[in-house]
Amino acid sequence: MKASWGDRRRMIAGAALLGLALAGCSGDGGGGAAAAPSGTVLLEDSGMKLLALAEEPDAHMDALLQGNLAVDEGGCAVVAPRDGSGPVLVVFPHGTTLEAGVVQVPGKKQLGLGDLISLGGGIMPLDGERPRDCTGGDVFWGSQP
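Description of the structure in this document. (Residues numbered from 1 in each chain as written. Predicted model: local features only at pLDDT ≥ 70, side-chain atom pairs only at ≥ 80, totals over all residues. Heavy atoms only, no water.)

1. Re the overall build of the chain
Put simply, the rule reads: In this text, helices come from DSSP runs of H or I with a minimum length of four residues, and strands from runs of E with a minimum of two, each type numbered from the N-terminal end. Relative accessibility under 20% of the residue-type maximum defines a buried residue, over 50% an exposed one, and the middle range a partly exposed one, all with a 1.4 Å probe and only protein chains included. Shrake-Rupley sampling with a 1.4 Å probe provides the accessible areas, and residues are treated as covered by the protein chains on show and by no other component.
Looking only at helices and strands, the chain has one helix and ten strands in total. Counting from the amino terminus, the chain carries its helices and strands in the arrangement α-β-β-β-β-β-β-β-β-β-β. Out of the 145 residues in the chain, the part that is buried amounts to 32%. Accessible surface computed for the chain: about 8400 Å², of which carbon and sulfur atoms make up 56%.

This is the structure we're talking about:
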């Protein structure tokens, strides 16, 4: 028996809805990194995870964060402030890249672990959960290189 055009449309629509429902429930299955929080992208390379702004911000904060580029226990890029306080999880400025463990912030020199970094920005909460295993304390949003 051949399905009518209406039956075919209902089957196609049902299959599409099922696919969307399954995709929405897939999560990360307990393996790999969690999705990046809203407004950010998660870059991963050479065992290092780095959050960066997904788009250029409309406004810039002007607090200064200075310290050494480091990774926390989960491999997430953090800045260890020069005053010795705990590590700060950084959302790097838009356009930041990560390749072979080297961070390239727009307008800055290439940075490796231990290098001194100065970023303008400010401390704000993440919109959503941190990527898995990122343990840095405060979250500093780098808005200007």
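2. Structural notes on the state of the cysteines
Here is the rule: Cysteine sulfur atoms are paired as a disulfide whenever they fall within 2.5 Å.
Enumeration over the complete set of coordinates arrives at one disulfide. Covalently, Cys76 is tied to Cys134 through a disulfide, its sulfur atoms 1.9 Å apart. Taking the sign of the S-S torsion, about -75 degrees here, the bridge from Cys76 to Cys134 comes out left-handed. Taken together, the residues Cys76 in the loop between strand E3 (63–71) and strand E4 (77–81) and Cys134 in the loop between strand E9 (116–123) and strand E10 (139–144) connect sequence positions 58 residues apart.

3. Brief notes about the environment of Leu116
Our working rule: Should any heavy atoms of two residues lie within 4.5 Å, those residues are counted as being in contact.
Note on placement: Leu116 falls in strand E9. As a C-alpha pair, Leu116 and Ala80 span 36 residues in sequence and 9.3 Å in three-dimensional space. Ignoring sequence-local partners within four residues, the contact set of Leu116 consists of Gly67, Asn68, Arg82 and Leu111.

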